[in-house]
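Structural overview for review
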Amino acid sequence: MAKPSGRDVVRAALERYPRSHAEELKIQVARNTPAPLYQWLLASLLFSARIGAAQAQAAAAALFEQGWRTPERMAATSWEQRVRVLNRAGYARYDESTARYIGDTTGLLRERYGGDLRRLREAAERDPRRERDLLKAFKGIGEVGADVFFREVQVAWDELYPFADRRALEAAGKLGLEANAEALARLAGGRRDLPRLLAALVRLDLAGETEAVLQEVS
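The paragraphs below set out a description of the structure included in this document.

Calculation criteria
- Residues numbered from 1 in each chain as written.
- Predicted model: local features only at pLDDT ≥ 70, side-chain atom pairs only at ≥ 80, totals over all residues.
- Heavy atoms only, no water.
- Helix = DSSP H or I, 4+ residues; strand = E, 2+ residues; numbered from the N terminus.
- Rg over C-alpha atoms; globule rule 2.2 N^0.38 Å.
- Buried < 20%, exposed > 50% of the residue type's maximum accessible area, 1.4 Å probe, protein only.
- Areas by Shrake-Rupley, 256 points an atom, 1.4 Å probe, with all protein chains shown as cover.
- Lys, Arg positive; Asp, Glu negative; His and termini not counted.
- Charge placed at Lys NZ, Arg CZ, Asp CG, Glu CD.
- Polar contact = N/O pair within 3.5 Å; in protein donor to acceptor, adjacent residues only side chain to side chain.
- Core = buried A, V, L, I, M, F, W, Y, C linked by side-chain atoms within 4.5 Å.
- Phe/Tyr/Trp six-rings, centres within 6.5 Å; stacked < 30°, edge-to-face > 60°.

This brings us to the overall build of the protein chain. For the protein chain, the count of helices and strands is 14 helices and zero strands. Along the protein chain, from the amino end to the carboxyl end, the secondary structure elements read α-α-α-α-α-α-α-α-α-α-α-α-α-α. Relative to the compact-globule value of 17 Å for 218 residues, the protein chain shows a C-alpha radius of gyration of 18 Å, a close match. Scored against the burial criterion, the 218 residues of the protein chain give a buried share of 50%. Taken as a whole, the protein chain presents about 10,300 Å² of accessible surface, with 46% of it coming from carbon and sulfur. Side chains of the protein chain carry 35 positive and 31 negative charges; the gap between the two charge centres is 3 Å.

Bringing the side chain of D147 into the picture now. Summarising the element assignment, D147 is placed in helix α10 (residues 143–153). Polar side-chain contacts of D147 include one of 2.7 Å to the side chain of R132.

Quick look at the nonpolar core now. Nonpolar side chains in soluble globular proteins generally cluster together in the buried interior. Counting 48 residues, the largest nonpolar core has W40, L117, L135, F138 and F149 as its most contacted members. Contributions of two or more residues to this core are made by α3 (34–47), α4 (53–65), α6 (79–88), α7 (95–113), α8 (117–123) and α10. Counting residues per element, this core draws most heavily on α3, which supplies nine residues. Core analysis: the second largest hydrophobic core is formed by 26 residues, A13, A185, L197 and V202 among them.

Below, the discussion takes up the packing of aromatic side chains. Any pair of aromatic rings gets described here by the distance separating the centres and the angle formed by the planes. Overall, the coordinates contain five aromatic pairs when judged by the stated rule. When the centroid spacing of 6.1 Å and the interplanar angle of 45° are considered together, the rings of W40 and F47 count as tilted. Here W40 and F47 have matching classes, each one buried.

Set out below in structure tokens:
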């Protein structure tokens, strides 16, 4: 049996999962403006918990449906309000702690950066390592959360591209793809498409669909 080409594998992966999480949440990260960056920071916090990606996405969507899409709007909410929305969205195991993290993160963002993550970027002098360190100062954002944030924000922050997180690289390796960011960027076909590919790779792995994709393209 001939080994499938990387492009065939990528095409099959993207046919199953064509959009990134930010796209599905209608977060326009590429605009690089305060509101979308804040929304993706919150989504990254939610995705980094030990909970299913679908539940995390549903929780993010539920928060945004309340109109809580800016630091100012979120700062006007109470912990109890956030807990209720998260709980209804199926984020029950972590609703109380996550509601607290959202409040703390929003407060720190407003106090330190005036609600604008572009100021964090400038404070880090556009150094990815320093950006990661500053992101980890937000409650609920650790290494995984920073990885998730970088995965999408690389479309707007040049210094991050190409970026691929450890989870996506592991999934790429299982599919026989070259497990480095540069190679995946080439296969994706462009900067805006790399986050889509990374999300698709992780989703395939989590869904146990790796073998099915390999059989499909063989």
